[in-house]
Amino acid sequence: MAYSIAEIAGFTGGSLIQDHAAGEIQYLVTDSRRISFPETSLFIALQTSLRDGHKYIREAYNRGVRFFMIQHDTLPPEIKNVSCLVVGNTLEALQLIAARHRSRFQYPVMGITGSNGKTIVKEWLFQLLQPDERIVRSPRSYNSQIGVPLSVWQMNSHHSLAIFEAGISLPGEMQQLQHIIQPTYGIFTNLGEAHNEGFSSWQQKLQEKMLLFKQVQLLFCAIDDERVKQAAQDLEVPLFTTGHTKEADLYITGTERAAHSTSITAIYNGQQRTIVIPFTDEASVRNAITCWAVLLHSEMPDDSIAERMLLLQPVDMRLQLVQALNGCALINDSYSFDLSSFAIALEFLQQQQQFHSKTVILSDLPEHTPEPVYHAVAHMLAQKQVGRVITIGPLWQQWKAALASLPARVEQYTGTAQFLQQVNANHFRNEAILLKGARLFAFEQMVTMLARRVHQTMMEINLSALSHNLKQYQQQLKPGTRLMAMVKAFGYGSGSAEVASVLQFHQVDYLAVAYADEGVDLRKAGISLPVLVLNADEAAFETLVQYNLEPELFSFPVLQSFLHFLEQQALESYPVHLKLDTGMHRLGFESHDMPALKALLERYGNRIAVRSVFSHLAASEDPAEDAFTGQQAARFRENCHKIQEALGYPFIRHLSNSAAIFRLPALQFDMVRLGIGLYGVDSANTHQLSLKTVATLTTTIAQLRNVKAGETIGYNRRGQLSRDSVIATLRIGYADGYSRKLGNGNGKVWIKGQLAPVVGTVCMDMLMVDVTDIPGITENDLVEVFGPNLPVQQVAEWSGTIAYEILTAIGQRVKRVYVEE
Ligand SMILES: *Cc1c(COP(=O)(O)O)cnc(C)c1O
């Protein structure tokens, strides 16, 4: 479905300041990095507290975009022959456009909101209704003020049903989303207990959420929660209720859990019915009941309902990057196959700059997908410079003309079975491989073939949480303050190239590593941001220059030998950073060094270009030391001033680490250095930043045994049992970085919602825990060593250290798996 720029202007009440572009608008883009169809895209320059889309107009233009919507009065002068619409507020205009688009369709639209389960309910309804309907739905969890209009924009006349989710974080937002979605049916998942972040109370939050439903024909909601029941009744719209009470339309009379499934019995229309779902957790049962209500209302026959419920698939919308054989990495995104999720997956592939070659393996699109969509996929592959494309399925063979003009090498197979027969893992080497396939094609068999299967202890790094944390700190910065991200020590154990790729994507200003070799790894991984090397010595100078890395110069010997090196190499104006010691007494020039430093800079200063002058705070997280921190800042300011006099040109001044950014905003100077906070640890324990866990270390149970009271566990018989016990042996030990200090009950691990203490000493590759009090444990069960359920700070406390040490001590043999939500 396409619109002319004049129509769009009409929807928004904006004025056209240029009108030279030909053609119509089919796509709305708000991110200049995500442009697949430039000729038919409208670039919308959104202005948020973190990012001003107007800065990316040139980039969008260079990529071929000719339609723009802006809220500044003018375009950069070199942007010509385009059509440009000026509106008062681009976000509001985007929402208006989406609302007008929505109004054109008569088919039912479901709007889902609630504290948890929105995405699962949406995806499950999609799974359950897909055989009968042509469904358009929010990609992933696009449910924000920007995500909802972009989701709604995907509606077209081929669809028969739309399912959108809506999420809010501030009062006033739902009103907007209601205008855009205009739901015919409403689904309220639940009201969570936790945090009312952004709202004054749960009442306010609930009332706000309910605004989505003010005009629905029917609202599905659970009434076990009295608060929800009341709020739903107050809306005065027809309700379809579920709950463990006779008064509910779908009256749940029993749930019975087996090892891997749950059977749910209920009474509806006076008749008893049962479904079985392949899940056992409470949230899944709740979400399944919600979906059940929708199916019953649609008058789907009971046997179809039962059959489809039994086949429900877990929803994992995250993209995973896993190390694979022959130096490859696999991105497995086999959940669903539609254009918008494909665009997201391709983007993620492109971000993996540590791999020079990229391969995409893709299956046929879902049945009845028309040929032009195959062409659109091919077009996206061409744009993202994918080197090799492997198609699986007969339809790609039928439409192979779509692939003819691709610069990539193309291989075609009739199905997954043929691929597995003809190809082995040696077919791939040092490349990033994106697997994108409809479920039907069982791509998990390829994953088994390609993924490296090693020791089952792994550390999951959540790159979306990392981006979230970055944002939390960026919001603390005064306007114009730059940000240097610390990725030293293998990115605090998280993996430097992967983390740096995300940071580069989010356009941080600088990266910092400890040693030159770490910087080289970043360059080899395609990182082009400026990189500061904190600890460069003479032996590394050659490497620094070769890889365009910028040293920290912290003493006269280092400064002099670097100046000498530059002279020999006939290099001038090489970027460097001067380190001052203001009280930490680790590295740096002190106040009494200033006269000599000034003299040296005045004489030889042209060989170097001082990019920044900085110092490190010794105790920024500790309020009791704030006076000392203040002294450090005063010394810093004074010495910067002296260096400024000697150099006669400006440089960046920076002092704050993670704890100071938030606690002491007056010390932000021109740039801050963000370290541990990025990885989700609030070192200052302020509890005021909502950071997300980035690293989750998990292992599995190798063996379970019953051991009698009086027996002992492990080396030197340190674990004495005072009762008959169940002991689990885990696949992790001190060689993986799990400290021996955590032995003998000091440390605990998280299994099935409970903590199990370590018994006896920690071994090199294993350890034993007491699981006597935890029912239902089996061998190979997953164990969280630290992560969202067991914070790394807690583990650090148990072993008498800090989170920094725990994170950076996790051994290299522990496989890192990267996920993006
Ligand atoms: C490691 C480091 C930081 C980051 O400290 P966090 O407490 O992790 O934020 C900042 N500056 C320097 C010089 C560092 O070495």
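Residues numbered from 1 in each chain as written. Predicted model: local features only at pLDDT ≥ 70, side-chain atom pairs only at ≥ 80, totals over all residues. Heavy atoms only, no water.

**Some points on the overall build of the protein chain**
(1) Moving on: Within the protein chain, the regular secondary structure consists of 26 helices and 38 strands.
(2) Moving on: Here the C-alpha atoms of the protein chain give a radius of gyration of 29 Å, agreeing with the 28 Å that 2.2 N^0.38 yields for 821 residues.
(3) Moving on: Reported as C-alpha extents along the three principal axes, the dimensions of the protein chain are approximately 90 × 85 × 60 Å.
(4) Moving on: Split into buried and exposed, the 821 residues of the protein chain put 56% on the buried side. (Helix = DSSP H or I, 4+ residues; strand = E, 2+ residues; numbered from the N terminus. Rg over C-alpha atoms; globule rule 2.2 N^0.38 Å. Buried < 20%, exposed > 50% of the residue type's maximum accessible area, 1.4 Å probe, protein only.)

**Topic: the site of the ligand**
(1) Moving on: As a matter of local geometry, the ligand sits amid Met 486, Lys 488, Tyr 492, Leu 534, Arg 586, His 616, Asn 657, Ser 658, Arg 673, Gly 675, Ile 676 and Tyr 804.
(2) Moving on: Tyr 492 places a side-chain nitrogen or oxygen 2.6 Å from an oxygen atom of the ligand.
(3) Moving on: Residue Gly 675 places a main-chain N or O atom 3.2 Å away from an oxygen atom belonging to the ligand.
(4) Moving on: When the free accessible area of the ligand is taken as 390 Å², the share hidden by the protein chains comes to 94%. (Near = heavy atom within 4 Å. Polar contact = N/O pair within 3.5 Å; in protein donor to acceptor, adjacent residues only side chain to side chain. Areas by Shrake-Rupley, 256 points an atom, 1.4 Å probe, with all protein chains shown as cover.)

**Brief notes about the packing of helix 22 (residues 594-604) against helix 23 (residues 626-647)**
To describe two helices that pack against each other, one gives the angle between their axes and the distance between the axes.
(1) Moving on: One way to put it is that helix 22 packs onto helix 23 with a least axis distance of 9 Å and a crossing angle of 25°. Judged by the inter-axis angle, helix 22 sits roughly parallel to helix 23. Between helix 22 and helix 23 lies a crossing whose hand is right-handed. The residues of helix 23 that touch helix 22, namely those facing Met 594, Leu 597, Lys 598, Leu 601 and Glu 602, are Asn 639, Lys 642, Ile 643, Glu 645, Ala 646 and Leu 647.
(2) Moving on: A class-by-class count of the residues in the contact of helix 22 with helix 23 yields 6 nonpolar, 1 polar and 4 charged. (Axes fitted to C-alpha atoms, helices over the stretch in contact; angles between N-to-C directions. Parallel < 35°, antiparallel > 145°, perpendicular 65-115°, else oblique. Left-handed = near helix turned anticlockwise from the far one by under 90°. Contact = heavy atoms within 4.5 Å. Nonpolar A, V, L, I, M, F, W, Y, C, P; charged D, E, K, R; others polar.)

**Quick word on the UniProt feature "active site" (unreviewed entry) in the protein chain**
(1) Moving on: With numbering aligned to this structure, UniProt lists the feature "active site" (unreviewed entry) at Lys 488 and Tyr 715. With the annotated positions falling across 228 residues, the maximum pairwise C-alpha distance of 35.7 Å shows that they are not confined to a single cluster.
(2) Moving on: With respect to the element layout, Lys 488 can be found in helix 17 (residues 488-492).
(3) Moving on: Tracing the chain through its elements places Tyr 715 in the loop between strand 31 (712-713) and strand 32 (719-720).
(4) Moving on: If near-sequence neighbours (up to four positions away) are discounted, Tyr 715 is found in contact with Thr 761 and Cys 763. (UniProt positions renumbered as here; feature names shortened; annotations may be inferred.)

**Focus on the UniProt feature "modified residue: N6-(pyridoxal phosphate)lysine" (unreviewed entry) in the protein chain**
(1) Moving on: Summarizing the sequence annotation, UniProt attributes the feature "modified residue: N6-(pyridoxal phosphate)lysine" (unreviewed entry) to Lys 488 in the numbering used throughout.
(2) Moving on: Ignoring anything within four residues of it in the chain, the contact list for Lys 488 reads Ala 512, Val 513, Ala 514, Glu 518 and Leu 534.

**Observations concerning helix 7 (residues 202-210)**
Three or four residues apart is the spacing at which side chains of an α-helix point the same way, because the helix has 3.6 residues per turn.
(1) Moving on: When we look at burial in helix 7, the residues that qualify are Lys 205, Leu 206, Glu 208, Lys 209 and Met 210.
(2) Moving on: Where helix 7 is buried, its residues meet strand 6 (109-113), helix 6 (173-181), strand 9 (185-188), strand 10 (218-222) and helix 8 (226-234).

**Describing the sheet that holds strand 3 (residues 41-44)**
(1) Moving on: Here we have 5 strands laid out as an open sheet, ordered 1-5-4-3-2, and mixed in their pairing. Two strands bound the open sheet, and with one partner strand each, they are strand 1 (15-19) and strand 2 (27-29). Looking at each pair of strands side by side, their axes are set apart by 20° on average, direction ignored.
(2) Moving on: Across 3 bridges, strand 3 lies against strand 4 (residues 67-70) in parallel orientation. (Pairing = 2+ DSSP bridges.)

**Focus on the sheet that holds strand 9**
(1) Moving on: Here we have 9 strands laid out as an open sheet, ordered 7-8-6-9-10-11-12-13-14, and mixed in their pairing. The open sheet has two edge strands with one neighbour each: strand 7 (135-137) and strand 14 (271-277). Neighbour-to-neighbour, the strand axes of this sheet turn through a mean angle of 20°, independent of strand direction.
(2) Moving on: The pairing of strand 11 (residues 239-243) with strand 12 (residues 250-257) spans 2 bridges and is classified as parallel. Opposite Gly 243, over in strand 12, you have Tyr 251 as the bridge partner.

**Some remarks on the nonpolar core**
(1) Moving on: In terms of nonpolar packing, the biggest core is built from 146 residues, with Phe 342, Leu 511, Phe 562, Ile 643, Val 769 and Phe 786 touching the most fellow members.
(2) Moving on: Here Leu 511 is in contact with Met 484, Ala 485, Val 487, Ala 500, Leu 503, Leu 522, Ile 527, Leu 529, Pro 530, Val 531 and Leu 532, once residues within four sequence places are set aside. (Core = buried A, V, L, I, M, F, W, Y, C linked by side-chain atoms within 4.5 Å.)

**Focus: the environment of Ala 288**
(1) Moving on: Positionally, Ala 288 belongs in helix 9 (residues 282-297).
(2) Moving on: Put simply, Ala 288 and Met 309 are 21 residues apart on the chain and 7.9 Å apart in space, counted from C-alpha to C-alpha.
(3) Moving on: Not counting residues within four places of it along the chain, the set of residues in contact with Ala 288 comprises Trp 124, Ile 277 and Met 309.

**Comments concerning helix 11 (residues 339-351)**
(1) Moving on: A rise of 1.5 Å per residue sets the reference length of helix 11, with its 13 residues, at 18 Å; its end C-alpha atoms lie 18 Å apart and thus fit the reference within 8%.
(2) Moving on: Along helix 11, the residues classified as buried are Ser 341, Phe 342, Ile 344, Ala 345, Leu 346, Glu 347, Phe 348, Leu 349 and Gln 351. (Expected span 1.5 Å × (residues − 1).)

**Examining the pairing of strand 35 (residues 754-759)**
(1) Moving on: Pairing of strand 34 (residues 748-751) with strand 35, which is carried by 4 bridges, proceeds in the antiparallel orientation. The residue bridging Val 749 from the neighbouring strand is Ala 756, located in strand 35.
(2) Moving on: Connecting strand 34 to the next strand, strand 35, in antiparallel fashion are 2 residues, including Lys 752 with a positive phi near 45°.
(3) Moving on: Strand direction decides the pairing type here: strand 35 and strand 36 (residues 767-770), joined by 2 bridges, are antiparallel.

**Observations regarding the pattern of salt bridges**
(1) Moving on: One pass over the structure, following the stated rule, counts 26 salt bridges.
(2) Moving on: Of the charged contacts in the structure, one is a salt bridge between Arg 227 and Asp 225, with a shortest N-O distance of 3.0 Å.
(3) Moving on: One salt bridge connects Arg 611 with Glu 550, and the closest N-O pair in it is separated by 4.0 Å. Within this pair, whereas Arg 611 is found in strand 27 (residues 608-615), its partner Glu 550 is found in strand 25 (residues 550-553), the two being separated by 61 residues in sequence.
(4) Moving on: The exposure class of Arg 611 is partly exposed, given its relative accessible area of 36%.
(5) Moving on: One connected set of salt bridges, linked through shared partners, spans Lys 122, Glu 123, Arg 137 and Glu 165. (Salt bridge = Lys/Arg side-chain N within 4 Å of Asp/Glu carboxyl O.)

**What to know about the side chain of Thr 241**
(1) Moving on: One can find Thr 241 in strand 11.
(2) Moving on: Residue Thr 241 is classed as buried on the basis of its relative accessible area of 8%.
(3) Moving on: If near-sequence neighbours (up to four positions away) are discounted, Thr 241 is found in contact with Cys 221, Ile 223, Glu 247, Ala 248, Asp 249 and Leu 250.

**Focus on the packing of aromatic side chains**
(1) Moving on: This model, assessed by the stated rule, comprises 20 aromatic pairs.
(2) Moving on: A ring pair is formed by Phe 188 and Phe 213, whose centres lie 6.4 Å apart and whose planes are at 85°; its orientation type is edge-to-face. Placement of Phe 188 in strand 9 and of Phe 213 in the loop between helix 7 and strand 10 is noted, with a sequence separation of 25 residues between them. Taken individually, Phe 188 and Phe 213 each receive the classification buried, so the pair is uniform in this respect.
(3) Moving on: Connected via pairs of aromatic rings, a cluster forms that spans Tyr 185, Phe 220, Phe 240 and Tyr 268.
(4) Moving on: Arg 66 extends its terminal NZ or CZ atom over the ring of Tyr 61, reaching a point 4.1 Å from the ring centre. (Phe/Tyr/Trp six-rings, centres within 6.5 Å; stacked < 30°, edge-to-face > 60°. Lys NZ or Arg CZ within 6 Å of the ring centre and 35° of its normal.)

**Some points on the domain arrangement of the protein chain**
(1) Moving on: Taken domain by domain, the protein chain comprises domain 1 (5-90), domain 2 (105-310), domain 3 (320-453), domain 4 (477-679) and domain 5 (695-820).
(2) Moving on: The distance between the C-alpha centroids of domain 2 and domain 3 comes to 33 Å.
(3) Moving on: The interface is formed by 7 residues belonging to domain 2 together with 6 residues belonging to domain 3.
(4) Moving on: On the domain 2 side of the interface with domain 3, the three residues burying the most area are Arg 137, Pro 139 and Arg 140, jointly 58% of the side's total.
(5) Moving on: At the junction of domain 2 and domain 3, the tally comes to 0 residue pairs in polar contact (both at pLDDT 80 or more).
(6) Moving on: Class assignment of the residues belonging to the side of domain 2 that touches domain 3 gives a composition of 2 nonpolar, 2 polar and 3 charged. (Domains from an automatic or database assignment. Buried area = accessible area lost by both parts, 1.4 Å probe.)

**Let's talk about the environment of Thr 416**
(1) Moving on: In this fold, Thr 416 is placed in helix 14 (residues 416-422).
(2) Moving on: Take Thr 416: its relative accessible area is 8%, and that puts it in the buried class.
(3) Moving on: Through-space distance from the C-alpha of Thr 416 to that of Gln 445 is 8.1 Å; in sequence the pair is 29 residues apart.
(4) Moving on: If we ignore the near neighbours within four places in the chain, the residues touching Thr 416 are Ile 392, Phe 441, Ala 442, Phe 443, Gln 445 and Met 446.

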